[in-house]
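# Structural characterization, general
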Amino acid sequence: MRLDKMIANLGIASRREVADACRRGGVTVNGVPALDASVHIDPERAAVVYLGTPLVYRKYTYVMLNKPEGYVSATEDGRYPVVTELLTPELRRIGVFPCGRLDKDTTGLMILTDDGDTAHRLLSPRHHAKKVYAFTCRDPLDADAEAAFGRGLRIDGYTCLPAALSVNPDRKSGRITLTEGKYHQIKRMLECYHDNRITSLSRLSFGGVPLDPTLPVGAWRYLTEAEIKILTRYDTKGD
Ligand code: URA
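Quantities reported herein were computed from a predicted structural model and do not represent experimental measurements.

Bringing the domain arrangement of the chain into the picture now. Domains assigned within the chain are domain 1 (3-54), domain 2 (62-125 + 208-232) and domain 3 (131-206). Computed from C-alpha coordinates alone, the two centres of domain 2 and domain 3 are separated by 23 Å. Counting residues at the interface gives 18 residues for domain 2, matched by nine residues for domain 3. Summed over both partners, the interface of domain 2 with domain 3 buries about 1100 Å², with 45% contributed by carbon and sulfur atoms. In this assembly, domain 2 and domain 3 are joined by two salt bridges. Between the two partners, domain 2 and domain 3, sit ten residue pairs in polar contact (both at pLDDT 80 or more). When residues of the side of domain 2 that touches domain 3 are traced back to their parent elements, those giving at least two are β7 (107-113), α4 (116-123) and β14 (209-210). With five residues, the single largest contributor to the side of domain 2 that touches domain 3 is β7.

Structure (structure tokens):
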């Protein structure tokens, strides 16, 4: 693989920036300055240092985004801003895409990656990846709500998988954990349960990875090695 491609794929610099850094002697391969960014290296074995930072090669890129309201979970949309606009041009260029969907007005944890297999596995109904949301709703939930959600609500002829609902003392907010992801699922669940309405929804964790509480709304960061391990080795016991 070309050196500039290897570094650019980590999302830390564009190929042009890598070429500039190489010309200035800022990149070493196995301890030797690489003046030509187009040199071919074995990314699994070469010790690459970019502007003083040793790089760990990763075939795929994984980021977490704290999604704001008003953004569509897509890479392109004719009408609304898309979540990938909140990333760098480099990350867009390598083709990271949202792993699953949140509604335009839903906020919180969104994982983006270019690892299609992992995304597919996490989204596959067979894997039952856990998604935890904080919600508020218009009307107070009655005392039966937790049990009814836990049994599996019936929405539009479909019986949902059991969902763990925990309601705060105000009975108008709480947490809900899903192991599936149907279109507008939580909004539809609340609607079918005594015609209630969701007034805010935010995802707190996905597949055992929690939203970093220090990540401001609209900001993103790379997943840590530990978080990547949780997602790439995800099974139903993983969280
Ligand atoms: N359920 C919804 O209704 N909306 C979301 O964005 C996620 C889950």
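Mapped onto the elements of the fold, Asp4 is located in helix α1 (residues 3-9). Excluding its chain neighbours within four sequence positions, the residues that come into contact with Asp4 are Arg15, Val18 and Ala37.

This part takes up the pairing of β7. Along any regular strand the residues' side chains alternate between the sheet's two faces. Taking burial as the measure, the seven residues of β7 include six buried ones, the bulk of the element. In the sheet, strand β5 (residues 62-67) pairs with β7 via six bridges, with the strands oriented antiparallel. Each residue of the ladder has a partner; that of Met64, found in β7, is Ile111. By the bridge criterion, two bridges tie β7 to strand β13 (residues 198-206) in an arrangement that is parallel. Across the sheet, the residue bridging to Thr107 is Ser202, located in β13.

As a further point, take the nonpolar core. Counting 32 residues, the largest nonpolar core has Leu112, Phe135, Leu141, Phe149, Ile176, Ile186 and Met189 as its most contacted members. Domain assignment of the residues forming this core places at least three in each of domain 2 (62-125 + 208-232) and domain 3 (131-206). Setting aside residues up to four positions removed in sequence, Met189 forms contacts with Phe149, Leu153, Ile155, Cys160, Ala163, Ile176 and Leu178. Core analysis: the second largest hydrophobic core is formed by 18 residues, Val27, Ile41, Val48 and Tyr50 among them.

Moving on, we get to the layout of surface pockets. The space that makes up the largest pocket amounts to roughly 700 Å³. Considering the residues around the largest pocket, the lining is formed by 33 residues, among which Arg101, Gly181, Lys182, Tyr183 and His184 are closest to the centre. Class assignment for the residues of the lining of the largest pocket results in 15 nonpolar, nine polar and nine charged. Counting only domains with at least three residues in the lining of the largest pocket, you end up with domain 2 (62-125 + 208-232) and domain 3 (131-206).

Once that is clear, we can look at the sheet that holds strand β1 (residues 27-29). Adjacent strands of a sheet form backbone hydrogen bonds with each other and so pair up, either parallel or antiparallel. Taken in spatial order, the four strands line up as β2-β1-β3-β4 in an open sheet, and their pairing is antiparallel. Bordering the open sheet on either side are β2 (32-33) and β4 (53-54), each of which pairs with just one other strand. The pairing of β1 with β2 spans two bridges and is antiparallel. Among the inter-strand pairings, Val29 is bridged to a residue of β2, identified as Val32.

A word on the site of the ligand. Neighbouring the ligand are Leu102, Asp103, Thr106, Tyr133, His184, Gln185, Ile186, Lys187 and Leu201. Within the side chain of Asp103, a nitrogen or oxygen atom sits 2.7 Å from a nitrogen atom of the ligand. At 3.1 Å, a backbone N or O of Ile186 approaches a nitrogen atom of the ligand. Burial of the ligand by the protein chains amounts to 95% of its free accessible area of 240 Å². According to the grid-proximity analysis, the pocket containing the ligand is the largest pocket. Considering every element that reaches the shell around the ligand, the biggest residue donor is helix α6 (residues 185-192), with three residues. For the shell around the ligand, the class distribution of residues is four nonpolar, three polar and two charged.

Looking now at the pattern of salt bridges. What the rule picks out here adds up to 13 salt bridges. With a shortest N-O distance of 3.0 Å, Arg138 and Asp139 are connected by a salt bridge. According to the relative accessible area criterion, Asp139 is partly exposed, its value standing at 26%.

Reading the values: rules and limits
- Residues numbered from 1 in each chain as written.
- Predicted model: local features only at pLDDT ≥ 70, side-chain atom pairs only at ≥ 80, totals over all residues.
- Heavy atoms only, no water.
- Domains from an automatic or database assignment.
- Contact = heavy atoms within 4.5 Å.
- Buried area = accessible area lost by both parts, 1.4 Å probe.
- Salt bridge = Lys/Arg side-chain N within 4 Å of Asp/Glu carboxyl O.
- Polar contact = N/O pair within 3.5 Å; in protein donor to acceptor, adjacent residues only side chain to side chain.
- Helix = DSSP H or I, 4+ residues; strand = E, 2+ residues; numbered from the N terminus.
- Buried < 20%, exposed > 50% of the residue type's maximum accessible area, 1.4 Å probe, protein only.
- Pairing = 2+ DSSP bridges.
- Core = buried A, V, L, I, M, F, W, Y, C linked by side-chain atoms within 4.5 Å.
- 1 Å grid on protein atoms, 1.4 Å probe; cavity = no way out; pocket = protein on both sides within 12 Å on 5 of 7 lines; lining within 4 Å.
- Points joined across faces, edges and corners; volume = space filled by probe spheres on them.
- Nonpolar A, V, L, I, M, F, W, Y, C, P; charged D, E, K, R; others polar.
- Near = heavy atom within 4 Å.
- Areas by Shrake-Rupley, 256 points an atom, 1.4 Å probe, with all protein chains shown as cover.
- Sits in = over half its atoms within 2 Å of the grid points.

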